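The residues making up each chain are set out below.
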Amino acid sequence: MIHELLLALSGYPGTIFTWNKRTGLQVSQDLPFLHPSETSVLNRLCKLGSDYIRFTEFTEQHIGHVHQQEHHANQPNQTGLHGIYLRAFCTGLDSTLQPYRQTLLDLEQEIHGCQILETVYKHSCGGLPPVRMALEKILAVCHGVMYKQLAAWMLHGLLLDKSEEFFVKQGPSAGGAAANQEEEEEDLGLGGLSGKQLRELQDLRLIEEENMLAPSLQQFSLRTEMLPSYIPIRVAEKILFVGESVQMFENHNHSPSIAGSILKHQEDTFAAGLHKLKQQSLFSLVDFENLIDRIRSTVAEHLWTLMVEESDLLEQLKIIKDFYLLGRGELYQVFIDLAQHMLKMPPTAVTEHDVNVAFQQAAHKVLLDDDNLLPLLHLTVDYQGKDGKATPPQDTSPREAPPTGWAALGLIYRVQWPLHILFTPAVLEKYNVVFRYLLSLRRVQSQLQHCWALQMQRKHLHSSQTDAVKWRLRNHMAFLIDNLQYYLQVDVLESQFSQLLQHINSTRDFESIRLAHDHFLSNLLAQSFILLKPVFHCLNEILELCHNFCSLVSQTVAPLDERGTAQLDILVKGFRRQSSLLFKILSSVRNHQINSDLAQLLLRLDYNKYYTQAGGTLGR
C-alpha cells in the first residue's frame, strides 16, 4: 500500500486513495484491513496530497489558458484569468512544489522492497520505548515476507519477486559494468627499462582482464542495494549459492527425487527452521546465520559427493590438464606436424574441419582411441565472416601474424552435467587463453628442434662465419625456450595441479572446491605471465623472433645469401635486445623481492650464472 500512497500524494489517486473535488484525497472507507487509527494517520497525509493536486490543477489550467490566449489574442470575448503575471505566478508556484515531488521520489527509492527493512530497522534503534516497540513489531511482520521468499528460493529454487524487491535477482551483477578499461598499450622500447616501466613492474599491476578473462556471469546474483545492513554479504552469498544449486537441480531433466535429494530430503526440517525464525519478535543474526549455514553445508556436501564421487571430478580435471594444458605432449607434437601446413595460412571456412581431422589422426597415431572422450573435444578456428564476425578474435596468444590459423585456434570441451557449474564457458575460455599460449610455445620449441636436426645434417659441410652465427643464435634461443617450457610445465602446471588435487581430497565442501579451482586457474594465468603485461610482451617478442628465425633457416639448404644474412643480422640484434630486456625485468623484480614466480624463472635461466656473465644478453 505504500506505493499506492506515494502515487496518490503525487497526484495519481486510485481505488485505495480516492479523489473527490469537494472532500479532496481520502482513504477508501471499505478497507477492512485498516485500523481506525491507521485510517486517521493516512487521511492526515492525504491533506498534503489534496493541496498538491489542487495546486497542480491550478498551474496546469492557467498556464494552459495563457497559451490559448496567445493563439486567440484577436478574439474580443475572452473570459477567465490570464496574463503574463499569472504565468509568472504559476511558474513560481510549480518551482515551489519541486522539493515536495523530490521528497516523494526519495521516499520511493528509500523504502522499495527489502529496503523497507533497512529503514524500519534504523528507526527501531531509537531510544523511545513506545516507538521502538512499534517499529520492531512492524519489522517482524516485514521479515515474514522475507522468510517466505527465502523458503521459496533456498528450498525450491524459486525466485518469487515480481516487483524486484528481493536481494537476489536473475542475471549478472551490475558491479562489473563499471570496470576500468585496459590501459593503453605501452611501447616498452628495446634498449632497456624506463622509470615508468620499472614502477609498473614493482607494483605488479596485472593486465585488465578482457571479456574472455572476466569472471563467469552467473544466472543469478545479489542485488546488494536491497540487502539490509544487518544481514552481512557473506550470509547473502550463502543464500545465493543454495538457491542456485537447488534451482539447477529443479530445472535439470532428472527424476523428481533428485531435486529433493540435494537437500537430503530435509526440506521440511529447514522450512520449520525458517518458520521458527519468522515467529521471533526480534531478528537474531546468530540464529539466522546458523540455519543458513546448516542448509549451505547440506547442499555443499551433496554437491561434493555428486562432483567428486559420482561424476569423477578428478578424472575430468586430468582431461582438462591433458588437452587444455598440453599434458599429452606427444599428441600435440604429432598434431603440430600434421596441421602446420593448414594453420600457417589465413583460415577459411574449411580449415576447422581439416584441423579436426588432423587432430583425430594425431590421437590415433599416439594410440589415444577413447571413443567416449574424443567426441567431446572439438577444435575451433575463427575466421573472417564466421558467425557474422568481421575480424579475427583478439590476439591473446603470443604475437604472431594475426591472419594465421594458429592465432585463431581454440578448443571446446563439452562438459557433462553437473560439472558445467564448475567448468563454465567463461572458465573454459580462460583455459583456452592458456592453451593458445602453451601451444605457441610448443610450436616454437618444435621448430627450433627441427633446426637442430638440419644443423646435424649439414655439419659435414663447409661452414662459414654466417653459419656459426646462425647456429649459435639457435642454441641461445633453444636455451631460453627450453627453460621457459620447463618452468611452465614443472614449476607452474604440475605444482599448481598437485596442490589443487590435494585440496579436493582434503574437503567435502563443493564451495571449497570451486574456490580452490578458481585459485588454481588464477595462478596459472598469473604465474605464466599472461596477466603481467611487460613480461608477457617481452616473451611474445622473443617467440616471434624464434619463429622468424626458424622460417629463415628452413627455407633453403644452401648458405644464406646477402639478403638472408641481413635478415639474420636483424634477428640476432632483436634477440639480444629482447633477452637483455627480459633479464633486466626479471632482475629488477628479484632485487625488490616482490614476485617469486619471476625469480623462479630467472633461476631456471641463470642457474649457472651464464646469463649474468653474458651481461644479461643472449645471442652475442
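Residues numbered from 1 in each chain as written. Predicted model: local features only at pLDDT ≥ 70, side-chain atom pairs only at ≥ 80, totals over all residues. Heavy atoms only, no water.

S.K.: Explain a negative patch on the surface to me, and be specific about the residues and the numbers.
M.R.: Together, Asp312, Glu315, Asp369, Asp370 and Asp371 line one region of the surface with negative charge. Position of aspartate 312 relative to the elements: it lies in the loop between helix H11 (285-310) and helix H12 (313-323). (Patch = residues over 30% accessible without salt bridge, like charges linked within 9 Å, V, L, I, M, F, W, Y side chains within 5 Å. Areas by Shrake-Rupley, 256 points an atom, 1.4 Å probe, with all protein chains shown as cover. Salt bridge = Lys/Arg side-chain N within 4 Å of Asp/Glu carboxyl O. Lys, Arg positive; Asp, Glu negative; His and termini not counted. Charge placed at Lys NZ, Arg CZ, Asp CG, Glu CD. Helix = DSSP H or I, 4+ residues; strand = E, 2+ residues; numbered from the N terminus.)

S.K.: Provide a residue-level description of the pairing of strand S6 (residues 409-413), including the pertinent values.
M.R.: With four of five residues buried, S6 lies mostly within the body of the structure. As paired elements, strand S5 (residues 377-381) and S6 share five bridges and run antiparallel to each other. Bridged to leucine 379 within S6 is leucine 411. (Buried < 20%, exposed > 50% of the residue type's maximum accessible area, 1.4 Å probe, protein only. Pairing = 2+ DSSP bridges.)

S.K.: Requested: an account of the nonpolar core, with residues and values cited.
M.R.: In this structure, Phe167 and Phe335 are the most contacted members of the largest nonpolar core, which totals 143 residues. Ignoring any residue separated from it by four or fewer positions in sequence, one finds phenylalanine 335 in contact with Leu343, Val355, Ala358, Phe359, Ala362, Leu379, Trp406 and Leu409. By size, the runner-up hydrophobic cluster in this structure holds 13 residues, among which are Leu5, Leu6, Ala8 and Leu34. (Core = buried A, V, L, I, M, F, W, Y, C linked by side-chain atoms within 4.5 Å. Contact = heavy atoms within 4.5 Å.)

S.K.: I'd like a rundown of the packing of aromatic side chains, residues and numbers included.
M.R.: Given two aromatic rings, one states the distance between the centres and the angle between the planes to describe the pair. Applying the stated criterion across every chain yields a total of 17 aromatic pairs. Arranged with centres 4.8 Å apart and planes meeting at 35°, the rings of tyrosine 52 and tyrosine 100 form a pair that is tilted. On the criterion of sequence distance, the pair formed by tyrosine 52 in helix H2 (residues 36-71) and tyrosine 100 in helix H4 (residues 98-110) is long-range, its members being 48 residues apart. With a centroid separation of 6.5 Å and an interplanar angle of 90°, the aromatic rings of tyrosine 332 and phenylalanine 335 are classed as edge-to-face. One end of the pair is tyrosine 332 and the other is phenylalanine 335, both in helix H13 (residues 329-343) and three residues apart, which spans about a single turn. Assigned by exposure class, tyrosine 332 and phenylalanine 335 land together as buried. Three or more aromatic residues joined by ring pairs form one cluster here, namely Tyr324, Tyr332, Phe335, Phe359, Trp406, Tyr431 and Phe435. (Phe/Tyr/Trp six-rings, centres within 6.5 Å; stacked < 30°, edge-to-face > 60°.)

S.K.: Now, about the pattern of salt bridges: what can you tell me, with residues and values included?
M.R.: With the rule as written, the count across this model stands at 13 salt bridges. Linking aspartate 161 and arginine 223 is a salt bridge whose minimum nitrogen-to-oxygen distance equals 3.5 Å. With a gap of 62 residues between them, aspartate 161 in the loop between helix H6 (129-156) and strand S3 (168-170) and arginine 223 in the loop between strand S4 (220-222) and helix H8 (233-251) connect regions that are remote in the sequence. Note that arginine 436 and glutamate 429 form a salt bridge whose closest N and O atoms lie 3.2 Å from each other. Take glutamate 429: its relative accessible area is 24%, and that puts it in the partly exposed class. Among the charged side chains, a network of salt bridges with common partners joins Arg234, Lys238, Glu289 and Asp293.

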